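Here is how the chains run, residue by residue.
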Amino acid sequence: MGTLYVVGTPIGNLEDITLRALRVLRECALIAAEDTRKTRILLDRYGIEKPMISYFEHNEAARIPQILEALAQGDVALVSEAGMPGLSDPGYVLIRAALERGFPVVPIPGPSAPVTALVVSGLPADRFLFLGFLPRKPGERRRLLAQVAALPWTLVAFEAPHRLRETLRDILEILGDRPMAAARELTKIHEEIRRGTAREILTHFAEVEPRGEFTLVIAGAPEEVSQWEEEEVRARLEELLRSGRTPAQAAREVARASGWPRDAVYRMALRIRSESEPRR
């Protein structure tokens, strides 16, 4: 019976690999790689000749039986496109399948973009919440941000360059103008770690075309923002609506002050306005 080794590989600079990882890659019988072309560059750099099998999101159903069969004969190394397998990639499914079949699963620690960006962001790293890739659909992304708006922990997420501006606008509207960092091309020649507030970073990338995959690190909810009781939220909404604010304006203001998700406050504002309208 073989062992499934979960091997961390460089997220950019090819020197960021451990001696243990190189030994495992040399000694295993097979390498299951999310991107065989990128893995081949790494193997060639260190003179490693091993058979590879592609394993990615759209072929996992067909590949898992083959990899499990290989594990019955010898050791298999699982590598992702970059970083630690299992984080926002299909490695989790293979790891679960191997465990269910009784194969040993051994981690070979290595680089990780979320942790790398977190520790250089300048934001608290003692407690954080990793959100993975933010949802592609705007409505789903906004709902997720609303769900975590009141949490005091630092938030870490991945985002694609073509969605970065829209996501930054959502962060500014739903989470507020919090301190954050946007990291791209980590450990590579064009590495960039931009720190500032959400508004400052949005202003920068409104003028500069975003390039490369981004890791976003966002400050948690300020400690002075406490969760209001429902009666407090309703009373403040009623006051703002009477003053002429629209439901959206009132909800945005109350959500930031109360620690409540903006969507929940907006729905309450709509109910209050509906209740106050004269019946016909």
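Residues numbered from 1 in each chain as written. Predicted model: local features only at pLDDT ≥ 70, side-chain atom pairs only at ≥ 80, totals over all residues. Heavy atoms only, no water.

(A) Highlighting the packing of aromatic side chains. Counted by the stated rule, this structure contains three aromatic pairs. Residues F133 and F158 carry aromatic rings whose centres are separated by 5.0 Å and whose planes lie at 55 degrees to one another, so their mutual orientation is tilted. With F133 in strand β6 (residues 128–133) and F158 in strand β7 (residues 154–159), this residue pair connects regions lying 25 residues apart in the sequence. The exposure class assigned to F133 is partly exposed, which follows from its relative accessible area of 45%. Taken together, a centroid distance of 5.3 Å and an interplanar angle of 90 degrees make the contact between F205 and F214 edge-to-face. With respect to class, F205 is no different from F214; both count as buried. (Phe/Tyr/Trp six-rings, centres within 6.5 Å; stacked < 30°, edge-to-face > 60°. Helix = DSSP H or I, 4+ residues; strand = E, 2+ residues; numbered from the N terminus. Buried < 20%, exposed > 50% of the residue type's maximum accessible area, 1.4 Å probe, protein only.)

(B) Inspection of the pairing of β6 at higher detail. Where β6 meets β7, four bridges bridge the pair, whose relative direction is parallel. When the bridges of β7 are listed, F128 appears paired with T154. Note on the crossover from β6 through helix α6 (residues 138–148) to β7: the handedness is right-handed. (Pairing = 2+ DSSP bridges. Right-handed = clockwise from strand over helix to strand, strands pointing away.)

(C) Highlighting unusual backbone geometry. Phi angles above zero are rare outside glycine, and S88 is one such case at about 55 degrees. Among the structural elements, S88 can be located in the loop between β4 (76–79) and α4 (91–100). Phi at T187 takes a positive value of approximately 70 degrees, unusual for a residue other than glycine. Tracing the sequence through the fold places T187 in the loop between β8 (179–184) and β9 (192–197).

(D) Quick peek at the nonpolar core. Formed by 24 residues in total, the largest nonpolar core has its most connected members in L168, I171, L175, M180, F205 and L216. Of all elements in the fold, only α6, β7, α7 (164–174), β8, α8 (198–207) and β10 (214–218) reach the threshold of two or more residues within this core. Counting residues per element, this core draws most heavily on α7, which supplies five residues. Apart from residues lying up to four places away in sequence, M180 is in contact with L123, L168, I171, R194, R195, G196, T197, A198, I201, L216, V217 and I218. Within the second largest apolar cluster, 18 residues are counted, among which are Y55, M84, I95 and A97. (Core = buried A, V, L, I, M, F, W, Y, C linked by side-chain atoms within 4.5 Å. Contact = heavy atoms within 4.5 Å.)

(E) A negative patch on the surface, seen in detail. On the surface, a cluster of negative charge is made up of E229, E230, E231 and E232. With respect to the helices and strands, the residue E230 is situated in helix α9 (residues 230–242). The class for E230 is partly exposed, based on a relative accessible area of 46%. (Patch = residues over 30% accessible without salt bridge, like charges linked within 9 Å, V, L, I, M, F, W, Y side chains within 5 Å. Areas by Shrake-Rupley, 256 points an atom, 1.4 Å probe, with all protein chains shown as cover. Salt bridge = Lys/Arg side-chain N within 4 Å of Asp/Glu carboxyl O. Lys, Arg positive; Asp, Glu negative; His and termini not counted. Charge placed at Lys NZ, Arg CZ, Asp CG, Glu CD.)

(F) Broad picture of a nonpolar patch on the surface. On the surface, a nonpolar cluster with roughly 310 Å² of combined accessible area is contributed by V115, V119, V120 and F128. The element that contributes the greatest number of residues to the nonpolar patch is helix α5 (residues 113–120), accounting for three residues. Checked against the element boundaries, V115 lands in helix α5.

(G) Broad picture of the sheet that holds β10. Taking strand neighbours across the sheet as the criterion, the five strands line up as β6-β7-β10-β8-β9 in an open arrangement whose pairing is mixed. The open sheet terminates on both sides in strands that have one partner only, identified here as β6 and β9. If you compare each strand with its neighbour and ignore which way they point, the axes differ by 15 degrees on average. Across the sheet, α8 is in contact with β8, β9 and β10; its angle to β9 comes to roughly 130 degrees. (Axes fitted to C-alpha atoms, helices over the stretch in contact; angles between N-to-C directions.)

(H) Here's a closer look at the pattern of salt bridges. Enumeration over the complete set of coordinates arrives at 21 salt bridges. Of the charged contacts, one joins R141 and D170 as a salt bridge, the two residues approaching to 3.0 Å between their closest N and O atoms. Here the residue R141 occupies a position in helix α6, and D170 occupies one in helix α7, the gap between them amounting to 29 residues. Comparing R141 with D170, the two get one shared label, buried. Where R236 meets E239, a salt bridge forms, and the shortest distance between an N and an O atom there is 3.0 Å. Within this pair, R236 and its partner E239 are both found in helix α9, separated by three residues, close to a single helical turn. Sharing partners across several salt bridges, the network here consists of R141, R142, E166, D170, E173, R252 and R262.

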